[in-house]
Amino acid sequence: MGYPIPKYEPDIITESHQHFDHNAHYLFKNQFMLINTPGVHNAKGVKITGLKTYHDKTHGHERGENIIFKFEFSNGITIAHCGDLGHIPDKSIMKELQGIDILMIPVGGYYTIDAKQAKEIVEIIKPKIIMPMHYKTNFIDFPINYVDNFVDLFDIPVVKLEKEFEVDEVKESKIFLFRLKEV
């Protein structure tokens, strides 16, 4: 959809939903485990829990289902990738995600939740690191909002990244922004 294809050989690929612009696992030629269903999965020492949600606020009637994937690593770090979440999840899902270390959450609106809804979820889950995603960039021309609409709602540090990084310990909440350089 306009982004450069990363030069990685993933061990595990999770797919939150089966829309043509989100499930291009065929681009990777190596052997990998594909996870695209709700439930508990174990792969390469990582516990991956798929939580059924929706891509819209009408229980999937507009855009179908979505899966939030929660990753629990052996070192204790937990990550949740919300996929194309289109609504505020029910209390049981919020409870399952509460206190995770890293939350990857859509913020652009239109096809997913918007900045204000994302902030509401962040305030309930209370992750240490927030990684906004699914927002307008120079690579795409979708009718979604820029990440600033989300970042401006917070009074916490923003860390801009252009390369890989490692997380070991976070003492205060931060927003991490990945900025891809145009090719």
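Peer 1: Would you take a moment to explain the nonpolar core for this structure?
Peer 2: Buried together is how nonpolar side chains tend to be arranged in soluble globular proteins. Of all hydrophobic cores here, the largest spans 26 residues; its most connected members are I68, L103, I105 and F150. Of all the secondary-structure elements, those providing two or more residues to this core are α1 (91-97), β7 (102-106), α2 (115-125), α3 (148-151) and β10 (174-178). The greatest single-element share of this core, amounting to 5 residues, is contributed by α2. Contact partners of I105, with chain neighbours within four places excluded, come to C82, I113, A118, I121, I130, M131, P132 and M133. In terms of nonpolar packing, the next biggest core, distinct from the first, is built from 14 residues, I35, I48, I67 and I129 among them.

Peer 1: What is the right way to read unusual backbone geometry from this model?
Peer 2: Across residues other than glycine, the phi torsion is negative in most instances, and most of the peptide bonds are trans. A positive phi angle, near 50°, is found at K44, a position not held by glycine. Tracing the backbone through its elements, the reader meets K44 in the loop between β3 (39-43) and β4 (46-54). Owing to a relative accessible area of 65%, K44 belongs among the exposed residues under this scheme. Although it is not a glycine, K126 adopts a positive phi angle of roughly 60°. By secondary structure assignment, the location of K126 is in the loop between α2 and β8 (129-133).

Peer 1: Please clarify how α2 should be interpreted in this entry.
Peer 2: Note: α-helices contain 3.6 residues per turn, so residues at a spacing of three or four share the same orientation. The set of residues buried in α2 consists of A115, A118, I121, V122 and I125. For α2, the angular spread of the buried residues around the axis is 120°, confining them to a single face. For α2, the side-chain oxygen to backbone nitrogen distance between the N-cap and K116 is 3.2 Å, and the N-cap itself is D114.

Peer 1: I keep staring at the layout of surface pockets and nothing clicks. Help me out?
Peer 2: In this approach the atoms are scanned with a rolling probe the size of a water molecule, which exposes any empty space left behind. A volume near 180 Å³ is recorded for the second largest pocket. As for the second largest pocket, its lining consists of 13 residues, and the residues nearest its centre are K57, R63, G86, Y110 and T112. Among the residues forming the lining of the second largest pocket, the class breakdown is 3 nonpolar, 5 polar and 5 charged.

The rules behind these values
- Residues numbered from 1 in each chain as written.
- Predicted model: local features only at pLDDT ≥ 70, side-chain atom pairs only at ≥ 80, totals over all residues.
- Heavy atoms only, no water.
- Core = buried A, V, L, I, M, F, W, Y, C linked by side-chain atoms within 4.5 Å.
- Buried < 20%, exposed > 50% of the residue type's maximum accessible area, 1.4 Å probe, protein only.
- Helix = DSSP H or I, 4+ residues; strand = E, 2+ residues; numbered from the N terminus.
- Contact = heavy atoms within 4.5 Å.
- Arc of directions from axis to C-beta.
- Polar contact = N/O pair within 3.5 Å; in protein donor to acceptor, adjacent residues only side chain to side chain.
- 1 Å grid on protein atoms, 1.4 Å probe; cavity = no way out; pocket = protein on both sides within 12 Å on 5 of 7 lines; lining within 4 Å.
- Points joined across faces, edges and corners; volume = space filled by probe spheres on them.
- Nonpolar A, V, L, I, M, F, W, Y, C, P; charged D, E, K, R; others polar.

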